[in-house]
Amino acid sequence: MTYYSGFLLAVPTANKQAYIDHAKMAAPMFKRLGAIRLIENWGVDVPRGKVTDFYMATQAKDDETVVFSWIEWPDRVTADAAYAKMMDDPEMQKMPEMPFDGMRMMWGGFEPVVDES
C-alpha cells in the first residue's frame, strides 16, 4: 500500500531559493532509496486562524513562509528502510545545512484512506 511521509515547516522567506536547491539536491537520494516522488509546496495562500493554523503549528515568524511537503513511497517498508539507510549514506553527509530551523519541523507517516485520483 502506498505510504506518505509528510512534513510541515517554516522557512525564512529570504531562504526560498536555498530551500529549493536543498530539496532538489535531496530528491535524487530519496528516489535512489525507493521514493516514488517528492512534492515541495511553498505557502502562498495560508490563512491565519483564531485557534490553530499552520503558522502556529510551526511557530513561524513574520519573515518565514510555511512549507508543506511529502514523499510518496510504494509502501511503509520501503520508507522505513530508506530512513534507516539515510543516516549512513555518504551522499547525505555531503548535504549542506538545512536552510530552516529543523527543531520546528514536524513530520509523520501516513497511509491513504481515500484516493479519488
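Residue numbering note: each chain is counted from 1, following its sequence as written. Since the coordinates come from a predicted model, pLDDT governs what is reported: local features require at least 70, and pairs of side-chain atoms require 80 or more to be given and counted, while whole-chain, interface and lining totals use all residues. As a convention, hydrogens and water are excluded, and side-chain values are obtained from all of the structure's heavy atoms.

The name recorded for the chain in an unreviewed UniProt entry is DUF1428 family protein, from Paracoccus shanxieyensis.

Another aspect to go through is the overall build of the chain. Working definition: helices are DSSP H or I runs of at least four residues, strands are E runs of at least two. Numbering for both runs from the N terminus. A count of helical and extended segments in the chain gives four helices and four strands. Reading the helices (α) and strands (β) of the chain from amino to carboxyl end gives β-α-β-α-β-α-α-β. Atoms counted for the radius of gyration: C-alpha only. Globule rule: 2.2 Å times residue count to the power 0.38. For 117 residues, the compact-globule estimate of 2.2 N^0.38 gives 13 Å, and the C-alpha radius of gyration of the chain, at 15 Å, lies within 12% of that figure. Taking the principal axes of its C-alpha atoms as reference, the chain extends roughly 40 × 35 × 25 Å. Looking at the chain residue by residue over its 117 residues, the buried ones come to 35%. Only heavy atoms matter for contacts: two residues are in contact if any of them lie within 4.5 Å across the pair. Residue pairs in contact within the chain that sit at least 24 positions apart in sequence constitute 83% of those at least 6 positions apart. Areas reported as accessible are Shrake-Rupley estimates using a 1.4 Å probe. Residue values count occlusion only from the protein chains shown. In the form shown here, the chain has an accessible surface area of approximately 7,800 Å², with 58% of it arising from carbon and sulfur atoms. Positive: Lys, Arg. Negative: Asp, Glu. His and the chain ends are not part of the count. To locate a charge, the coordinates of NZ of Lys, CZ of Arg, CG of Asp or CD of Glu are taken. Charge separation in the chain, taken as the distance between the mean sites of 12 positive and 18 negative side-chain charges, equals 3 Å. Throughout, exposure labels follow a simple rule: accessible area from a 1.4 Å probe, protein chains only, divided by the maximum for the residue type, with under 20% read as buried, over 50% as exposed, and the rest as partly exposed.

Our focus in this paragraph is the sheet that holds strand β4 (residues 106-110). Taken together, four strands build an open sheet; the order of strands is β2-β3-β1-β4 and the sheet is antiparallel. The outermost strands of the open sheet, each flanked by one partner alone, are β2 (37-42) and β4. For this sheet, the mean inter-axis angle between neighbouring strands, taken without regard to orientation, is 15 degrees. A pair of strands is labelled paired if DSSP reports no fewer than 2 bridges between them. Bridge count between strand β1 (residues 3-12) and strand β3 (residues 64-73): ten bridges; the pairing is antiparallel. Bridge pairing in β3 links Leu8 to Phe68. Working convention: axes come from line fits to C-alpha atoms, limited for helices to the stretch in contact. Angles between N-to-C directions cover 0 to 180 degrees. Here helix α1 (residues 16-32) sits on the sheet and contacts β1, β2 and β3; the angle it forms with β2, its principal contact strand, is near 170 degrees.

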